[in-house]
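The primary structure of each chain is shown beneath.
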Number of protein chains: 2
Amino acid sequence: MSDADIFVYTQPRGPPLSGTKVLLNSNYGSPAEYAQAIDELRIAFPAEDVSTDPVVLDVHGQLAGYSNSFPHSVVVVPRSTGDVVRIVNISRKYRVPIVAYGGATSLEGQIYGTDAKGICVDMSAMSKILEIHEADADLVCQPGAKWTDINVMLKEKGIPLFFPLDPGIGASIGGMISTGCSGTNAVRYGTAKGEWFLNATVVLPSGEVIKTRRRSRKCSAGFDTLHLFIGAEGTLGIVTEVTIRLAPLLPTRVAVVQFPSVEHATRASTEALNYGVNLQCIELLDALFMKALNTYNKNGSRTWPEKDSLFIKIQGATPVFIEESARILRAVAEKHGGTNFEFAATDAQAEELWLARKNALHAGFVMFPGAKAIGTDICVPVSRLPDLVAASKKDFDAAGLPVPIIGHVGDGLSLPTFRKQAAPTDFCTGNLHAIIYHYNDEEEKIAQGLVAKLVKHALDLDGTCTGEHGVGLGKKKYLVEELGESTVELMKYIKQCIDPLNLFNPGKVRRYDKTPFE
Amino acid sequence: MSDADIFVYTQPRGPPLSGTKVLLNSNYGSPAEYAQAIDELRIAFPAEDVSTDPVVLDVHGQLAGYSNSFPHSVVVVPRSTGDVVRIVNISRKYRVPIVAYGGATSLEGQIYGTDAKGICVDMSAMSKILEIHEADADLVCQPGAKWTDINVMLKEKGIPLFFPLDPGIGASIGGMISTGCSGTNAVRYGTAKGEWFLNATVVLPSGEVIKTRRRSRKCSAGFDTLHLFIGAEGTLGIVTEVTIRLAPLLPTRVAVVQFPSVEHATRASTEALNYGVNLQCIELLDALFMKALNTYNKNGSRTWPEKDSLFIKIQGATPVFIEESARILRAVAEKHGGTNFEFAATDAQAEELWLARKNALHAGFVMFPGAKAIGTDICVPVSRLPDLVAASKKDFDAAGLPVPIIGHVGDGLSLPTFRKQAAPTDFCTGNLHAIIYHYNDEEEKIAQGLVAKLVKHALDLDGTCTGEHGVGLGKKKYLVEELGESTVELMKYIKQCIDPLNLFNPGKVRRYDKTPFE
């Protein structure tokens, strides 16, 4: 199976979204004003940085790996904060919506154009690392920088630090802030909602530029304007510079262990974490996916037990830390019915074990060739995960569709074109991504019904419709039920206060049920 | 020296604040309307829960441990979210300002009344633990619950979890959110700006009640409304219920080591942390404070070397983790000139070493009997700390006042009336609290000048005027210089949008330079 084959499998029509229809704000510019805005962009920027070429528009209305496109009117490529200010001022002058475009790995249509169309601001040329402060364990970069590139750069420079937020391959720092992302390392390092972003420079809809903080690690100087932009999906401002905190890069080792059920695996995970063992990642592959691994690897030397399994990364400054962690982990796992505990003794063995986890998604596509897939992103309190899995599996069986639950295949740096679009279980955070495979329109409808049921289960269990993928267009309809009308209204107040013309990524994040435009 | 003696020393006039003068918003109620509001509170609440007794008003306009008072018009004690809604609706009906009162340990006058006076909402009766979810490592409580009480309760119930944010003794959860607090454990666990608060129920100025999230550990469902209230000091809403995340309670050990200079100590701290050693706290006592320890303990068995010293807490699930951490720590410390590395072999020895650190503030009061003290709270990137200390010490010497730099004396659970009002150095976060002792009005003026100089040094080094104490009335004047006018204007927009009548804790957090009221 080549990379090209994989790419075919990752070209379904895209996440099914009905929200691209935005009732037009009557204050938006006329077609003539849109044209004037484009003319003014062409005057302000070099020819190669402003495009209305249909191919370019199509690509920029598309999520990486998907074939559907919801294009904007024009794509412009800024190279500095000043450039972004210029674009925002033109957008405001002619009342043309404006959408920032980062790595395009978002899964809920955050970068899609809507019926209102407008200006797509492609941040790819703003990807520089501006300052590295090794002694402070932070760096300053532009928002187009990708987390994978940052970590590779640090490694190449021999700086023993890394940025631990690890969402989809290709995700940019600006997009990671805007989505409120996380990743496999959330078990140890938390998420974008934590303290990994120290400061951001943001261009507001007014054209004003703010710096949310200075570079010190702690700050309690006024409202937390930084977190206002984390998860705001470009609806409140466009991030143009970011200070990120780095973590010490520690040696890691891999372990794999099988359990009688998902519930046993959950209990073992929770206990191991509460024990204070140095775990970096815990990933689940359920029995169905372990079967897929065997199918995929049918000529290989190894046959996996087809049981719910945990893949675990242990970290520690020295071998003593790692061995002690492994000893405790094994004891906890065995207490909860874990069997075949395998601990990689060498780097090569660790690589081999982790490769199986990396291969899981490929293996799924081999088991269900030609299928399309919908990934889900619900999250519940950890103790509720077994209930969630039990209820969901019942639904999956009734629906008659294959729905394996798999762990992150995220850090596959060897597959730069590949995106974990339909992947992982952030297991110990209670974040479940079941993958619903389907082949035709009828099955797609059933799959959609399953997504709605999963969300309902999550909300019933005090959880959320989205643990890390964000709202975009796809999850808007669940927000009021999850958070209550007053909370969503508060978001609306804030949006209207900061972006009174509704120009920044309109129609995303939440429904405007009580306003003249959606 | 008895607790009573200590209390005398902690009764200076309070932090010098000039901001209690709030130019009256012309929309505030008339004296007759204030009286009507109080009448309506008396109808809505039991007699014992509404007070205009001058003694009660005085106490509620006072920071714990200080003698100055800036009283409100009336104090009311709610017992539920519904009660708070009732109070907020009365406040809005008669346009009377409203200030939430938690543990009163804030250091910048956040709970003070202003010239506009108004309703003080005393949250002390809302201190219940509502739910404990051991398997999820979280609990739900009311905002009047104190972090120390929560940790004692968990210990008594035998639940091996704790809440790691550890600001001043007596701080309540609601106040900790509102100040954006941290504490000695910030080295390992971060601050209130991180992910320790999972969800909050908040009463908005409109009287609406929101829940910012559900209980799942991760969530990317829309704007981060939770962080909007972290550090907002009650200016945007009153928190009435909170879900907090807990951490595994791990065994700890204590080490003490001396260095040739603060710079050597900084470098050792940074390297040890970047090494990935399991450190929980690192506290600095400078040479002057080590001398104070010897003065204080002059009849004791131990004489400390009068050198800049680090007090360190190491944590680990098992003795193997702790011993390995101590081994690495010692090597790193010695590499940077550390001497007399002392590692407590037993719990009793650890307790003895940590007691010295706990006693530091008392020792300072013994060395400077009858003095008043001003604590500072600047924070810079860690690598800039030696520059900051060097520049500051020059200023201190020139001013001729004694200004020791000491570590947290925070967890002195044995001193419930004692508050670390003028304490600590969150060293590895670059957070410096120098204590400026002074005896008379002339020296107080000099001390004030030193505070301004310290803030200037911090800002010159890309730092902040407040690492963890917040803004309140005391730090408002520095915000524009630190963050820029646009950022402070953004805070103002948000405030005006959520609290258009400026009723919630008016005059706190930021200057309203461009509005008719301060």
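Residues numbered from 1 in each chain as written. Chains lettered and ligands numbered in written order. Predicted model: local features only at pLDDT ≥ 70, side-chain atom pairs only at ≥ 80, totals over all residues. Heavy atoms only, no water.

A. Broad picture of the interface of chain B and chain A. The interface is formed by 90 residues belonging to chain B together with 90 residues belonging to chain A. Together chain B and chain A conceal approximately 7,400 Å² of surface at their shared face, both sides included; 59% is due to carbon and sulfur atoms. Taken as a group, Arg214, Lys218 and Phe223 of chain B account for 13% of the area that chain B buries against chain A, more than any other trio of residues on that side. Glu468 of chain B is paired through a salt bridge with Lys218 of chain A; the nearest N and O atoms lie 3.0 Å apart. Summed over the shared surface of chain B and chain A, the result is 34 residue pairs in polar contact (both at pLDDT 80 or more). (Contact = heavy atoms within 4.5 Å. Buried area = accessible area lost by both parts, 1.4 Å probe. Salt bridge = Lys/Arg side-chain N within 4 Å of Asp/Glu carboxyl O. Polar contact = N/O pair within 3.5 Å; in protein donor to acceptor, adjacent residues only side chain to side chain.)

B. Spotlight on the relation of the copies chain B and chain A. The operation relating chain B to chain A is a screw motion whose rotation component is 180°, with 0.0 Å of axial translation and a residual RMSD of 0.0 Å. What the superposition gives is, in effect, a two-fold axis relating one chain to the other. Looking at the rotation axis and the C-alpha trace of chain B, the residue lying nearest is Gly194 of chain B, at 2.0 Å. (Least-squares fit on C-alpha atoms with pLDDT ≥ 70 in both.)

C. Seen up close, helix 17 (residues 485-498) of chain B. Residues and elements named next belong to chain B. Taking 1.5 Å of rise per residue, the 14 residues of helix 17 would be expected to cover 20 Å, and the 20 Å separating its terminal C-alpha atoms lies within 8% of that figure. Burial runs high along helix 17: ten of the 14 residues are buried. Every buried residue belonging to helix 17 is among Ser486, Thr487, Val488, Glu489, Leu490, Met491, Lys492, Ile494, Lys495 and Ile498, and all of these are buried. (Helix = DSSP H or I, 4+ residues; strand = E, 2+ residues; numbered from the N terminus. Expected span 1.5 Å × (residues − 1). Buried < 20%, exposed > 50% of the residue type's maximum accessible area, 1.4 Å probe, protein only.)

D. Geometry of the pattern of salt bridges. Counted according to the given criterion, the structure contains 42 salt bridges over all chains. A salt bridge links Asp347 of chain A to Arg253 of chain A; the nearest nitrogen and oxygen atoms lie 3.5 Å apart. Of this pair, Asp347 of chain A sits in helix 12 (residues 347-358) while Arg253 of chain A sits in strand 12 (residues 252-258), and the two are 94 residues apart along the sequence. Taking the shortest distance from any N to any O, the salt bridge between Arg215 of chain B and Asp136 of chain B comes out at 3.0 Å. Note that Arg215 of chain B is positioned in the loop between strand 9 (209-211) and helix 8 (225-229) and Asp136 of chain B in the loop between strand 5 (129-133) and strand 6 (138-141), a separation of 79 residues in sequence. Asp136 of chain B matches Arg215 of chain B in its accessibility class, with the two residues each being buried. Counted as one network, the salt bridges with shared partners bring together Asp136, Asp138 and Arg215 of chain A together with Asp462 of chain B.

E. Quick peek at the sheet that holds strand 3 (residues 98-101) of chain A. Residue and element names in this part refer to chain A. Spatial ordering of the open sheet is given by 1-2-4-3, a layout of four strands whose pairing is mixed. A strand with exactly one partner marks an edge of an open sheet, and here the two such strands are strand 1 (50-51) and strand 3. In this sheet, strand 4 (residues 119-122) lies alongside strand 2 (residues 74-76) in parallel orientation, the contact comprising three bridges. Each residue of the ladder has a partner; that of Val75, found in strand 4, is Cys120. (Pairing = 2+ DSSP bridges.)

F. Seen up close, the nonpolar core. Phe163, Ile173 and Phe197 of chain A together with Phe163, Ile173 and Phe197 of chain B are the most contacted members of the largest nonpolar core, which has 100 residues in total. Excluding anything up to four places from it in sequence, Phe163 of chain B contacts Trp147, Asn151, Ile173, Met176, Trp196, Phe197, Ile244, Arg245 and Leu246 of chain B. In this structure, Leu279, Val332, Phe341 and Val403 of chain A belong to the second largest nonpolar core, which totals 95 residues. (Core = buried A, V, L, I, M, F, W, Y, C linked by side-chain atoms within 4.5 Å.)

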